[in-house]
Amino acid sequence: MIVCKSKREIEYLKKAGALASWTQEKMAEIIAPGITTREIDRLAEDFIVSNGARPAFKGYRGFPATVCTSVNNEVVHGIPGKRVLEEGDLISLDVGTIIDGFYGDCARTVPVGKVSDEAERLIRITRESLQMGISQACEGGRLTDISHAIQKYAESRGYSVVRDYVGHGIGRSMHEAPQIPNFGPPNRGPRLRRGMTLAIEPMVNVGGYEVRTLEDGWTVVTVDGTLSAHFEDTIVIDGATAQVLTQP
Ligand code: MG
């Protein structure tokens, strides 16, 4: 069942979303060649805790860190560690927060130093495909209008969208109904209503859409080894438009 949130609940979700996006800004400030993914994770955790919140991913099904750091051909769920970022890498940062029992969830992909034109274009198209999805999140529409808009945009630019991982409802749990695929025909699934809060998160690959999980049980990579990018925002349907909650 999809629960529409009250005004009060949306205020809490806005706080959690704002902190998640602020944490993204803090991480982006220190991204540079030579830094380890563990250092990024520590900064994020300290920042979230110092703001009176808790990291949502740490301990979630045993995930050992605050941020998912996914580099280059890694799609999502990369575990921070000793890996040193190099000039030309792409890194997806996915972070979740909990404030007073409410969740915020957002992801950004950022370049490390100077990156290739292809990498830069992939980042831009993935960000824009998220915008295309959000533009369909309006009262009276159907859920897969979002899915279809994302797929159509990414594929029209020559990329593929990952099938195996999807967006989700969000609220007092990180993952609520409905699941939000980033592909498929429009005009299917539940009718969109005011007060629905959704985390929309396209994962876009330069090559094929197939992915697999590494032996660590978490890190998802592209099967063909090509680059992947990931953007995510938490939004609330606010009538004819959606309001993005994961902004400062
Ligand atoms: Mg998410």
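For the structure, check the block above.
Notes on the structure in this doc start here.

Description of the nonpolar core
Nonpolar side chains in soluble globular proteins generally cluster together in the buried interior. Ranked by size, the top nonpolar core spans 27 residues in total, and within it Ile146, Leu198, Ile200, Ile235 and Ile237 carry the most contacts. Elements represented by at least two residues in this core include exactly helix H3 (117-135), helix H4 (143-156), strand S9 (197-200) and strand S14 (233-237). The next biggest cluster of nonpolar side chains, apart from the first, holds 21 residues, and it includes Ala20, Ile31, Leu85 and Ile99.

Points about the packing of aromatic side chains
The description of an aromatic ring pair rests on the distance of the ring centres and on the angle between the ring planes. Under the counting rule described, the total for this entry stands at 3 aromatic pairs. Measuring from ring centre to ring centre gives 5.1 Å for Tyr12 and Phe102, while their planes differ by 5°; the resulting arrangement is stacked. One end of the pair, Tyr12, is in helix H1 (residues 7-30); the other, Phe102, is in strand S5 (residues 102-111), and 90 residues separate them in sequence. For Phe102, a relative accessible area of 2% gives the class buried. Geometry around Phe183 places Arg163 over its ring, the cationic atom sitting 4.9 Å from the centre. When the ring centre of Tyr209 is taken as reference, the NZ or CZ atom of Arg163 above it lies at 3.9 Å.

Quick word on the sheet that holds strand S11 (residues 211-213)
The antiparallel open sheet is built from 3 strands, whose spatial order is S3-S12-S11. For this open sheet the edge positions go to strand S3 (74-76) and S11, each flanked by a neighbour on one side alone. Between one strand and the next, the sheet's axes are offset by a mean angle of 40°, whatever the strand orientation.

Section: the coordination of the magnesium ion
Distances from the magnesium ion to its protein donors, namely Asp105 (OD), His168 (NE2), Glu201 (OE) and Glu232 (OE), fall within the range 2.2 to 2.4 Å. All donors to the magnesium ion come from one chain, and their sequence spacing reads D-x62-H-x32-E-x30-E. In this pair, His168 sits in strand S7 (residues 167-169) while Glu201 sits in the loop between S9 and strand S10 (203-205), placing the two residues 33 residues apart along the sequence. Here Glu201 falls in the buried class, since its relative accessible area comes to 7%.

Structural notes on the packing of H3 against H4
Put simply, H3 and H4 touch, their axes get as near as 8 Å, and they point 150° apart. As summarised for this structure, H3 and H4 are arranged roughly antiparallel, according to the angle between their axes. The crossing of H3 and H4 is right-handed. Between H3 and H4, the contacting residues are Ile125, Glu128, Ser129, Met132 and Gly133 on the first element and Ile146, Ala149, Ile150, Tyr153 and Ala154 on the second. Counted by class, the contact of H3 with H4 contains 7 nonpolar, 2 polar and 1 charged residues.

Considerations on the side chain of His230
One can find His230 in strand S13 (residues 228-230). At 2.9 Å, the side chain of His230 forms a polar contact with the side chain of Glu201.

What to know about the environment of Ser92
Examined against the element boundaries, Ser92 turns out to sit in strand S4 (residues 90-99). Take Ser92: its relative accessible area is 3%, and that puts it in the buried class. Put simply, Ser92 and Phe183 are 91 residues apart on the chain and 20 Å apart in space, counted from C-alpha to C-alpha. With near-sequence residues (within four places) excluded, Ser92 lies in contact with Cys68, Thr69, Ser70, Val75, Arg108, Thr109 and His230.

Definitions and limits used
- Residues numbered from 1 in each chain as written.
- Predicted model: local features only at pLDDT ≥ 70, side-chain atom pairs only at ≥ 80, totals over all residues.
- Heavy atoms only, no water.
- Core = buried A, V, L, I, M, F, W, Y, C linked by side-chain atoms within 4.5 Å.
- Buried < 20%, exposed > 50% of the residue type's maximum accessible area, 1.4 Å probe, protein only.
- Helix = DSSP H or I, 4+ residues; strand = E, 2+ residues; numbered from the N terminus.
- Phe/Tyr/Trp six-rings, centres within 6.5 Å; stacked < 30°, edge-to-face > 60°.
- Lys NZ or Arg CZ within 6 Å of the ring centre and 35° of its normal.
- Pairing = 2+ DSSP bridges.
- Axes fitted to C-alpha atoms, helices over the stretch in contact; angles between N-to-C directions.
- Donors = N, O, S within 2.8 Å, 3.2 Å for Na, K, Ca; no water.
- Parallel < 35°, antiparallel > 145°, perpendicular 65-115°, else oblique.
- Left-handed = near helix turned anticlockwise from the far one by under 90°.
- Contact = heavy atoms within 4.5 Å.
- Nonpolar A, V, L, I, M, F, W, Y, C, P; charged D, E, K, R; others polar.
- Polar contact = N/O pair within 3.5 Å; in protein donor to acceptor, adjacent residues only side chain to side chain.

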